[in-house]
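# Close look at the chain arrangement
Okay, here's what each chain looks like letter by letter:
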Amino acid sequence: MPSPVPGTEAVPGTEAGRDDVYARLKAYEGRVAGAGGVGKDLVNEPMIRHWCEAMGDTNPAYTGADAIAPPTMLQAWTMGGLSGHGGRSAAYLELLGLLDDAGYTSVVATDCEQEYLRPLRPGDRITFDAMIESVSERKTTGLGTGYFVTTRMEVRAGGEPAGTHRFRILKYAPAVRERAVVPPPRRPRPVVNRDNTGFWEGVSRHHLLIQRCEGCRTLRFPWLPGCNACGCLEWDTVEAAGGGTVYSYVVMHHPPFPAFDPPYAVVLVELAEGVRMISNVVGVPHDRVRIGMPVRLEFEWVDEELELPVFRAIEGSGG
Ligand code: ZN
């Protein structure tokens, strides 16, 4: 489950990162990061229930007499809680110390990957060991320059392999902020990823595309990898005709965000096709936006690089 932290993507074209520190870090690959870990609790129903409630996961596999634990709970069974495990090895602490001493004093968790080998069930006793799997060359990221350190934890249940949890951090020296030149604030950029790239391609051609499940034909917005209604992963798109109404709205006064000029209305538009999207209404003052107001799709350049779908209040509807 990748969850990159904004600003940690390595910037291509930076200097080769195979420096002296890298050579010393590299020697730690394959060494123990933590050994002999034992889960503080057996796999148990109350923790599973709390997890499912927090995640809003109602999958019936996680309740009842034959319940299994959600696979993504893998790491939860290894966590030490506030009092910790004290489980970091001397080698791992040395590696972190080496980075601190070389000036890479900040740390951010960047992502984790898990593999599941067998389901976990209430009553399973969890044990685990972790090793330092890899250290990257020196990379320059939006946060600063540093090294990615990946640890790999092998998780066992009743002594049998149950899963693998890879965890990656960036140990870095924070970037020195330039004080002299402060660029004018710009609207936040949309996060374009493989799940929604088609939507933004559509916007660039002035088409507002809605995903449609190929299994059950349910329309969905915002874009998601699978269908909420039936779980099908196949989809195509339909283009919104452009009509809609204001389903709900808020008027933002505080807190102020750079590049936004409060007060302004943030609206939830219900498209004619039935799905809803968050946007802005143009052509009407914020205090005349009303629920039920008919609106029509437009595309608006908010700066020289960013064009967004917005909705224009239809003449005479401002109440
Ligand atoms: Zn479906």
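Conventions we followed
Residues numbered from 1 in each chain as written. Predicted model: local features only at pLDDT ≥ 70, side-chain atom pairs only at ≥ 80, totals over all residues. Heavy atoms only, no water. Domains from an automatic or database assignment. Pairing = 2+ DSSP bridges. Helix = DSSP H or I, 4+ residues; strand = E, 2+ residues; numbered from the N terminus. Donors = N, O, S within 2.8 Å, 3.2 Å for Na, K, Ca; no water. Tetrahedral: all angles 85-135°; square planar, octahedral: opposite > 155°, others 65-115°. Buried < 20%, exposed > 50% of the residue type's maximum accessible area, 1.4 Å probe, protein only. Salt bridge = Lys/Arg side-chain N within 4 Å of Asp/Glu carboxyl O.

### Some words on the domain arrangement of the protein
Partitioning the protein into structural domains gives domain 1 (15-174), domain 2 (190-239) and domain 3 (241-319). If you average the C-alpha positions of domain 1 and of domain 2, the two centres end up 33 Å apart.

### Focus on the sheet that holds strand β9 (residues 235-239)
Pairing in this open sheet of three strands is antiparallel, and the strands run β8-β7-β9 from one edge to the other. For this open sheet the edge positions go to β8 (219-220) and β9, each flanked by a neighbour on one side alone. In the sheet, strand β7 (residues 209-213) pairs with β8 via two bridges, with the strands oriented antiparallel. Residue pairing in the sheet places Q211 in a bridge with R220 of β8.

### A short note on the coordination of the zinc ion
Around the zinc ion, the donor atoms from the protein are C213 (SG), C216 (SG), C227 (SG) and C230 (SG), and they sit 2.3 to 2.4 Å away. Here the zinc ion binds four donor atoms, and the angle range of 103 to 114° at the metal identifies the geometry as tetrahedral. On the primary sequence, the residues serving as donors to the zinc ion are separated as C-x2-C-x10-C-x2-C. Of the two residues, C213 sits in strand β7 while C227 sits in the loop between β8 and β9, which places them 14 residues apart along the sequence. Its relative accessible area of 7% is what places C227 among the buried residues.

### Section: the pattern of salt bridges
A full pass over the atoms with the stated rule returns 20 salt bridges. For R166, the salt bridge identified is with E133, shortest N-O distance 2.6 Å. Linking R166 in strand β6 (residues 160-174) with E133 in strand β3 (residues 126-135), this pair joins segments that are 33 residues apart in sequence. Judged by relative accessible area, R166 falls into the buried class, the value being 19%. With relative accessibility at 21%, the residue E133 sits in the partly exposed group. For E305, the salt bridge is made with R189, and the minimal N-O distance between the two is 4.0 Å. Of this pair, E305 sits in the loop between β14 (294-301) and β15 (307-313) while R189 sits in the loop between β6 and α4 (197-204), and the two are 116 residues apart along the sequence. The exposed category is assigned to E305, whose relative accessible area is 53%.

### Side note on unusual backbone geometry
Residue P255 is reached from H254 by a cis peptide bond, and omega for that bond is 0°. Mapped onto the elements of the fold, P255 is located in the loop between β10 (243-252) and β11 (264-271). In this structure, P263 follows P262 across a cis peptide bond, with omega equal to -5°. Relative to the assigned elements, P263 resides in the loop between β10 and β11. For A259, which is not glycine, the phi dihedral falls at a positive 80°. Among the structural elements, A259 can be located in the loop between β10 and β11. For A259, a relative accessible area of 32% puts it in the partly exposed group.

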